[in-house]
Amino acid sequence: MNKLFFRTTVLAAVISAAFTLSSCSDSNDDMMTDMSFQRTITVENVATPKDFVQSGSFQGTGTPPVIMPGQSVSFKFNAGKAQALMFATMYGASKDWFFASQQPGIKLFDSNGNAITGDVSSSVLLWDNGTKDNMTGQAESKPIMQVPNVNASQLMKLNLAYNDVTSEFTLTVTNTSGGTANETPFSPGVWAVSNYNGSQLLNNAPFFTPNALSNPEITDIAQMGNISKMMTKLNANTGIMTGLSPTLIIVYRGDKNPIYELGKTDSGMGLKDIAQFGNVTKLQNSLKSLSNVKGVYIAGNAPVAPGSKVTTSFNAELGDKIAYATMFGFSNDWFYANEQSIDANTKGDITSKTSLFDSGTGIDQYPGAGNHQALFGGTPQSENMVISKVGTQYPVPAVQNVIKVTVN
């Protein structure tokens, strides 16, 4: 009897212990489950595309500021392969004629990506605006047509110079009409370089459309040499835009962001590949080997154009942090990344934690108008500077006007 009782008691104790251990194990599993979570991060390109990346005006030095026969003016602008320079100025001794380069503008690079320099006067043409009779000055409504029997290149000389480091051109306009049958002053003029999105110009017929009726802006130039309306239009439609690369996101532990360190040179782990070419592969593989990096994720597999977004999910635990990086596509070596530490359990809009950085690995050129940029098939000229925040040298839109980052 006692032996039976003992055995029964021991069996009950074992069952009870097993149940208790099982309950503890279930509790621990529940605790681990409570510590783990999944989030979705979305990176959106909210940049507003503009027709022109740069624009401006030029004029003579006298009063009024016309360009008289024998006088020259110069202005500078930036461009990359596939971009062109458009300009317009009034043929002063006319009712409504104007000089303008051929559409979509003066060709600036040859098919190999080499800058075209020297005399490019053959690119200028003389146009009749079609809004005034050439003899009486009476109003008319005809399409813009090229003026026949006048060689514009004999009246205006155009000379291009180029700085390869900055991808900056200088155009010198000289009035060579003196002593010809078409001697004339030139009015103040306007110029613009169309934005390029990687496959085409955003505006391939700047200012006017040949064989179509004119518009108020070019009409004011052709009839009065007044550039005010055109400059207002250009200012409203000029600005830097950009694509973004696929975004690299990591989950990590610790106080130091494994992607980059402000004030230090590039580590060689692959950030340069993102900042210069939008290629995440090298940095992705490098970060996977770090003990404090718990996960590496990629949002997107192609350039992210304005109006588009990419999304990916990530797994994390309480106490983890996240970091991310994506290329400012229309640059030589810039990237967006979180400047502030971000708890992986954060939800909502985290754009305010994002800044634009210069990786210090390539010499900068005007964003979206530099021939060494990947946008134009180029390779940045090497430099060895520390990683820093992008300054105010170029009129780059505010971070929140280009990129939006949210976690849900």
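Given the structure is predicted, the values throughout are model-derived calculations rather than measurements.

Thresholds, definitions, all that
Residues numbered from 1 in each chain as written. Predicted model: local features only at pLDDT ≥ 70, side-chain atom pairs only at ≥ 80, totals over all residues. Heavy atoms only, no water. Buried < 20%, exposed > 50% of the residue type's maximum accessible area, 1.4 Å probe, protein only. Helix = DSSP H or I, 4+ residues; strand = E, 2+ residues; numbered from the N terminus. Arc of directions from axis to C-beta. Contact = heavy atoms within 4.5 Å. Phe/Tyr/Trp six-rings, centres within 6.5 Å; stacked < 30°, edge-to-face > 60°. 1 Å grid on protein atoms, 1.4 Å probe; cavity = no way out; pocket = protein on both sides within 12 Å on 5 of 7 lines; lining within 4 Å. Points joined across faces, edges and corners; volume = space filled by probe spheres on them. Nonpolar A, V, L, I, M, F, W, Y, C, P; charged D, E, K, R; others polar. Pairing = 2+ DSSP bridges. Polar contact = N/O pair within 3.5 Å; in protein donor to acceptor, adjacent residues only side chain to side chain.

**Student:** Sorry, what's going on with helix α5 (residues 281-288) here?
**Tutor:** Since there are 3.6 residues in each turn of an α-helix, residues three or four apart along the chain are aligned in direction. Burial in α5 covers these residues: Leu283, Gln284, Ser286 and Leu287. For α5, the arc enclosing every buried residue in end-on projection is 170°, short of the 170-degree limit, so these residues lie on one face. Contacts from the buried residues of α5 go to β13 (247-252), α4 (271-277) and β14 (293-299).

**Student:** Mind showing me how you'd approach the packing of aromatic side chains here?
**Tutor:** Within this structure, the stated rule accounts for 23 aromatic pairs. Taking the centre distance of 5.5 Å and the plane angle of 80° together, the rings of Tyr366 and Tyr394 count as edge-to-face. With Tyr366 in the loop between β20 (354-358) and β21 (388-389) and Tyr394 in the loop between β21 and β22 (403-407), this pair connects stretches of sequence that are 28 residues apart. The exposure classification of Tyr366 matches that of Tyr394, with both residues buried. Here the aromatic cluster, defined as three or more aromatic residues joined through ring pairs, consists of Phe58, Phe75, Phe77, Phe87, Phe109, Tyr162, Phe169 and Trp191.

**Student:** Just to check I follow, could you spell out the layout of surface pockets for this structure?
**Tutor:** To find leftover empty space, one rolls a probe the size of a water molecule over the atoms. As a volume, the largest pocket reaches approximately 350 Å³. Together, 20 residues line the largest pocket, and Asn197, Gly243, Pro303, Phe330 and Leu375 are the ones closest to its centre. Across the lining of the largest pocket, the residue classes break down as 14 nonpolar, 6 polar and no charged.

**Student:** Please explain the sheet that holds strand β3 (residues 72-78) as it appears in this structure.
**Tutor:** The strands making up a sheet associate through hydrogen bonds between their backbones, and the pairing can be parallel or antiparallel. Taken in spatial order, the 4 strands of this open sheet run β3-β11-β10-β7, and their pairing is antiparallel. Either end of the sheet is taken by a strand with one partner, and the two such strands are β3 and β7 (118-119). Inspection of the sheet shows β7 paired to strand β10 (residues 156-163) by 2 bridges, in the antiparallel sense. Bridge pairing in β10 links Gly118 to Leu160.

**Student:** Looking at this structure, how should I read helix α3 (residues 228-236)?
**Tutor:** Looking at α3, one finds that the buried residues are Met230, Met231 and Leu234. Mapping the buried residues of α3 onto a view down its axis gives an arc of 100°, with all of them on the same face. The inward-facing, buried residues of α3 abut β2 (52-58), β12 (186-194) and α2 (216-224).

**Student:** Hey, could you run me through the side chain of Ser331 in this one?
**Tutor:** By the secondary structure assignment, Ser331 is in the loop between β16 (321-327) and β17 (334-338). In terms of polar contacts, Ser331 uses its side chain to reach the backbone carbonyl oxygen of Phe328, at 2.7 Å. If we ignore the near neighbours within four places in the chain, the residues touching Ser331 are Ala275, Gln373 and Ala374.

**Student:** Where do I start with unusual backbone geometry in this structure?
**Tutor:** Across the chain, the bulk of peptide bonds are trans and the bulk of non-glycine residues have phi less than zero. Of note, the amide linkage connecting Thr63 to Pro64 takes the cis form, showing an omega dihedral of 0°. Within the secondary structure, Pro64 sits in the loop between β2 and β3. The omega torsion of the bond from Gln103 to Pro104 falls at -5°, within 30 degrees of zero and hence cis. Relative to the assigned elements, Pro104 resides in the loop between β5 (97-101) and β6 (106-107). A positive phi angle, close to 75°, is found at Phe207, a residue other than glycine.

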